[in-house]
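Summary of the model geometry
This is what each chain is made of:
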Amino acid sequence: MRRTRPELRRSGRRRWFPNVFWLTLCGFTVLVLVLVLIVFVTRENAKPPSRSVLSKRTYRQDMAMENLNVTDEMLNPDSITRQLTDQISLAKAYVVIAKESNNLQFAWELSAQIRNSQILLSNAALRRSPLTLGESSSAVREMAFLLFQAQQLHYDSATMIVRLKARIQELEEQTSSVTEKSSKYGQIAAEEVPKSLYCLGVRLTIESFNLSKMQKNASEKTRIGIKLNDNSLYHFCIFSDNIIATSVVVNSTALNSRNPDRIVFHLVTDEVNFAAMKAWFAMNKFREVTVDVQKFEDFSWLNASYVPVLKQLQDSDTKNYYFSGTNDDGKTPIKFRNPKYLSMLNHLRFYIPEVFPRLNKVVFLDDDVVVQKDLAGLFMVDLNGNVNGAVETCMEMFHRYHKYLNYSHPLIRSHFDPDACGWAFGMNVFDLVEWRKRNVTGIYHYWQEKNVDRTLWKLGTLPPGLLTFYGLTEPLDPNWHVLGLGYTNVEPEVIENGAVLHFNGNLKPWLKIGMDKYKPFWEKYVDYSHPMLEQCNFR
């Protein structure tokens, strides 16, 4: 072989080295460009999507949702989704009928197939696409077969409608029965005398025989006698047979008064509770408040010839209505037949001038109230020539006259405006001078005698009060008397601003059925550490 000349070999080696250099430089440049591109892409991905990107993404989602428009699906007669939904609705109705017919196996099969169909619909909704015939044909076919079976079992539409109507009627009757029982049991619970209260009455009656603890010296009796008729003092009256409730009213009034020595409480009870009531207020002191206890049996003027309620109690029909409950086949609600509405303690409020013949102004309080502010301001209120100062309750339509009185009776219709504003008993200021001048008790007698057959009103003392004091009532500031703590919810700020809180309704605070959230307003005026209360297991 012929060798290449040396000068030629050196020349070839020089050309090879420059090529390697340029190849290396190009590769390095490409690598740098790739790294720069990777860093840029990474940074762009880390940034929050721009408004334009979001709008594009939302647009794409909207376009996807257009593939499953629920409304169009349900309105489309060829929609698998609509067909499956209709089958489920019909199957649910058949499940009820099957259970009513005691066909529990068939009801179970229907329920299982309903669940399968609901799973299909749920999956379609999650993936945002309509059901296809292929994936749903089996479920539709099996459900159709079960619905056909239901028709063969005479679970057709006509039968189903008849049975459902019968079931609805049966449920309505059950609801009515439960409601009536609930009303009766609630009324019984509200009228019960708690064992602790009964125990307290018995122990106090026994204690009353210890006369040495109850007798006052002659000078003390004279001083109290003067205060009982002093019209410069603040006179309150309560008519009650509930010792602990009356005690709370007196105690709360005394503790919240700036001048308790100017307060006189006139308590009237019945003969059964007189000794116990007198003993309790003799044993306990309520700051410097004067307390006098009487029993209405001592009022010689209180007899059947003068008082219509006592006259009605002698009537056999009235006795049957209130005490036997057998003369109208139970058509009258039990609350209308409560004998307490014939109690003289309930009706004495219409005889206040006779009970306190020497007084000019009194504040009447129910025994289910709590006083939380000084009530001296009530005696400064100008009644503008009216007899009764009361808080109106016609903020709602329920508390207008037409809700309490029978306006189908011509006597009511011709004398009273049906939209006249109602008001509340429980905290009332009575001007006894005007009362006597206008013969208000005579007005009460007139309407009470007209209602001997209970056609003007049925329940309680408020309806005759509305008639008696019609046109003779001066509205008071609502903050003086807050109602509803015995049956409904009352706004906290209303309670806070109220001078007198009234537990009107069945849920009295001394009963187990009382509303727990309102009981503390009442209980803070009960001294549960008192020996007699401890002995009778109060609380």
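Conventions and cut-offs
- Residues numbered from 1 in each chain as written.
- Predicted model: local features only at pLDDT ≥ 70, side-chain atom pairs only at ≥ 80, totals over all residues.
- Heavy atoms only, no water.
- UniProt positions renumbered as here; feature names shortened; annotations may be inferred.
- Pairing = 2+ DSSP bridges.
- Helix = DSSP H or I, 4+ residues; strand = E, 2+ residues; numbered from the N terminus.
- Axes fitted to C-alpha atoms, helices over the stretch in contact; angles between N-to-C directions.
- Contact = heavy atoms within 4.5 Å.
- Disulfide = S-S within 2.5 Å.
- Buried < 20%, exposed > 50% of the residue type's maximum accessible area, 1.4 Å probe, protein only.
- Right-handed = clockwise from strand over helix to strand, strands pointing away.

Named according to an unreviewed UniProt entry, the chain is Hexosyltransferase originating from Centaurea solstitialis. The heading Subcellular location (unreviewed entry) in the UniProt record of the chain holds the text "Golgi apparatus membrane". Looking at the chain in UniProt, the text filed under Sequence similarities (unreviewed entry) is "Belongs to the glycosyltransferase 8 family."

**Digging into the sheet that holds strand 6 (residues 388-390)**
The strands that make up a sheet pair up through hydrogen bonds in the backbone, lying either parallel or antiparallel. The 7 strands are arranged 3-2-1-4-7-6-8 in an open sheet whose pairing can be described as mixed. Looking at the sheet topology across the chains shown, the edges are occupied by strand 3 (290-295) and strand 8 (473-475). Strand after strand, the sheet turns through a mean of 25° between neighbouring axes, direction not considered. Of the strands in this sheet, strand 1 (234-239), strand 2 (263-269), strand 3 and strand 4 (361-365) are in contact with helix 11 (residues 243-255), which crosses strand 2 at around 175°.

**Observations concerning the state of the cysteines**
Enumeration according to the criterion identifies 2 disulfides in this entry. The partner cysteine of Cys199 in its disulfide is Cys536, sulfur to sulfur 2.1 Å. In this structure the cystine formed by Cys199 and Cys536 twists about its S-S bond by roughly -70°; its chirality is therefore left-handed. Of this pair, Cys199 sits in helix 8 (residues 195-208) while Cys536 sits in the segment after helix 23 (531-535), and the two are 337 residues apart along the sequence. For Cys394, the disulfide goes to Cys421, at an S-S distance of 1.8 Å. Note on the Cys394 and Cys421 pair: the S-S dihedral is about -95°, so by sign convention the disulfide is left-handed. Separated by 27 residues along the polypeptide, Cys394 in the loop between strand 6 and helix 17 (410-415) and Cys421 in the loop between helix 17 and strand 7 (427-431) bring together distant segments of the chain. The two residues Cys394 and Cys421 agree in class, both being buried. The connectivity of the disulfide bonds within the chain can be written as 1-4, 2-3, using the sequence rank of each bonded cysteine.

**What about the sheet that holds strand 5 (residues 369-371)?**
One open sheet accounts for 3 strands, arranged 5-10-9; its pairing is mixed. Every interior strand has two partners, whereas the edge strands, strand 5 and strand 9 (481-482), have only one. Summarising the sheet, strand 5 and strand 10 (residues 500-502) pair through 3 bridges and their orientation is antiparallel. Bridge pairing links Val370 to Leu501 in strand 10.

**Thoughts on the pairing of strand 3**
Sheet faces and side chains relate simply in a regular strand, where the side chains alternate between the two faces. Pairing between strand 2 and strand 3: 6 bridges, direction parallel. Counted as the bridge partner of Thr269 is Lys295 from strand 3. Handedness of the crossover joining strand 2 and strand 3 through helix 12 (residues 271-283): right-handed.

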